[in-house]
Amino acid sequence: MKVIVIGAGLGGLTLAQGLRRVGIEVAVYERDGALGRAQGVSLHVDDRGVAALQGCLPSAHVAMIDATMGRLRDKTLKLSEVDGSLAVVDAQPTDGAAGRARPGRQTHRPLLRSILLTGLEDAVRFEAEFTRFERLPDGTVQAWFADGSNDTADVLVGADGIGSAVRRQYLPQAQVLDSGRRMLMGATPSRAAAGLPELIGDNPAVVRIQDTTMVLGALRFTSPPTLARQRFLPALPRAAVATIEDYLMWALSGPVDDLPPSLQRIVDEAWPEMTSTLRVGMIPPIPPWPATAVTVLGDAIHLAPGFGGNLAMQDAHRLCSALIEANRGQLSLLDAIGSYEDIMRAAAPVPAKAGR
Ligand SMILES: Cc1cc2nc3c(=O)[nH]c(=O)nc-3n(C[C@H](O)[C@H](O)[C@H](O)COP(=O)(O)OP(=O)(O)OC[C@H]3O[C@@H](n4cnc5c(N)ncnc54)[C@H](O)[C@@H]3O)c2cc1C
């Protein structure tokens with residue numbers, strides 16, 4: 001069996017690692033260059049993401065990720081100004097119940113991506129923008145790229161994120177809607193964050209002042225990434241760990257001027273290259289479609305507020321298991337893809353206001 005994956009994001013790379021581990025041929029095509037775009041600085045990884053990484057990655061990769069995550073985040077704090085200083089005024093469990101986030105640990109996103117790429121160097125082609133596919137009479141699928149090249153495989157997976165070109169051709173009825181919400185996201189070194197990392201510890205915290213909401217979280221590496229690399233994954237490029245330090249990540253909606261000076265300073269001191277504006281989109285669910293040799297995962301088919309990365313990795317793990325069953329002859333290829341899609345659709349969030 002040969003699988004083409006479009007998109008070297010969290011879902012696509014997790015899938016490629018899992019397929020390669022059992023010897024299934026996989027080719028990943030990525031539109032961006034090897035350094036990629038800024039896609040957020042850190043990620044809250046919950047039990048779904050951890051199970052997917054453990055299920056798809058070699059044990060050295062899993063050990064490297066585990067060694068460099070922050071500690072468990074099991075509470076969400078509420079901060080408020082008390083006598084002119086920020087203080088914790090409430091703590092809710094982060095337990096996945098009643099719409100609350102699941103417990104998890106924070107990971108440095110560029111590091112996670114480098115770990116996911118390690119060992120796949122010969123399978124990923126960068127600067128290869130997928131444009132369209134054709135289903136061939138023998139049941140295989142041919143993918144075409146912007147430079148005029150093509151490749152053919154038994155399965156084509158669209159793991160190409162919110163703007164998915166695979167989805168646009170395959171499931172044109174699925175539409176991305178702009179919710180109109182905008183967020184400013186950034187990261188500020190802990191040394192410039194004026195005591196806030198100490199106040200919140202490893203937990204996420206929310207501050208609401210007038211029309212402004214700010215969400216904050218600290219990433220404290222449990223062991224220095226350079227040492228973890230030497231110990232667990234020397235094949236990881238040295239540059240992936242060279243300049244990492246503890247930081248505070250934050251997301252802001254509403255005017256910065258509403259914030260107290262201590263929080264305005266966090267925004268002012270942020271790393272400019274890590275600061276970006278995010279448009280919050282949604283994909284209303286579509287009715288089930290018949291399984292073919294083309295499928296989709298992650299943001300390409302569903303968006304989830306704050307946990308889309310976990311769902312993308314979970315999809316990748318589930319699709320990987322289904323393709324392994326098909327490769328072993330335990331299921332037909334289309335039954336395997338259909339069973340993955342049924343579970344993927346059932347797990348996708350259907351809130352009135354989906355986003356990410
Ligand atoms: C600032 C920010 C913070 C976030 N925080 C969290 C969090 O804490 N926890 C969480 O679970 N989720 C979080 N998310 C959401 C999470 O990042 C996404 O849900 C996740 O990245 C989706 O993974 P994916 O593999 O589906 O797509 P992506 O990771 O978006 O990867 C898609 C890839 O496809 C490539 N591509 C696109 N088009 C083409 C094409 N035509 N040809 C070839 N390649 C193409 C893209 O370049 C990209 O590399 C956050 C998102 C942002 C922006």
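The rules behind these values
Residues numbered from 1 in each chain as written. Predicted model: local features only at pLDDT ≥ 70, side-chain atom pairs only at ≥ 80, totals over all residues. Heavy atoms only, no water. Phe/Tyr/Trp six-rings, centres within 6.5 Å; stacked < 30°, edge-to-face > 60°. Helix = DSSP H or I, 4+ residues; strand = E, 2+ residues; numbered from the N terminus. Buried < 20%, exposed > 50% of the residue type's maximum accessible area, 1.4 Å probe, protein only. Lys NZ or Arg CZ within 6 Å of the ring centre and 35° of its normal. Pairing = 2+ DSSP bridges. Axes fitted to C-alpha atoms, helices over the stretch in contact; angles between N-to-C directions. Core = buried A, V, L, I, M, F, W, Y, C linked by side-chain atoms within 4.5 Å. Contact = heavy atoms within 4.5 Å.

Enquirer: Explain the packing of aromatic side chains to me, and be specific about the residues and the numbers.
Expert: Tallying each qualifying case throughout the model produces four aromatic pairs. Relative to Tyr170, the ring of Phe133 lies with its centre 6.2 Å away and its plane at 70°, an arrangement referred to as edge-to-face. With Phe133 in strand 8 (residues 130-135) and Tyr170 in helix 5 (residues 165-170), the pair connects residues that are 37 residues apart, well separated along the chain. Summarising the burial analysis for this pair, Phe133 and Tyr170 share the class buried. Grouping aromatic residues by their ring pairs yields a cluster made of Tyr29, Phe130 and Phe145. The residue whose ring lies beneath Arg125 is Phe145, and the NZ or CZ to ring-centre distance is 5.7 Å.

Enquirer: Talk me through the sheet that holds strand 8; I want residue IDs and the actual numbers.
Expert: Across the sheet, which stays open at both edges, the three strands sit in the order 8-9-10 with antiparallel pairing between neighbours. Edge positions in the sheet fall to strand 8 and strand 10 (150-153), since each of these pairs with one other strand and no more. Put simply, the sheet's adjacent strands are angled 20° from each other on average, direction ignored. Relative to strand 9 (residues 141-145), strand 8 runs antiparallel, the two sharing five bridges.

Enquirer: Residues and numbers for the nonpolar core, please.
Expert: The biggest cluster of nonpolar side chains holds 76 residues, and the ones touching the most others in it are Leu15, Phe130 and Leu156. A total of eight residues in this core trace back to one element, the largest contributor, which is helix 10 (residues 308-327). Discounting chain neighbours no more than four positions away, the residues touching Phe130 are Ile6, Ala143, Trp144, Phe145, Leu156, Ala165 and Val166. Within the second largest apolar cluster, 20 residues are counted, among which are Leu77, Ala193, Leu196 and Leu259.

Geometric descriptors of this kind do not, in isolation, establish any biological role.
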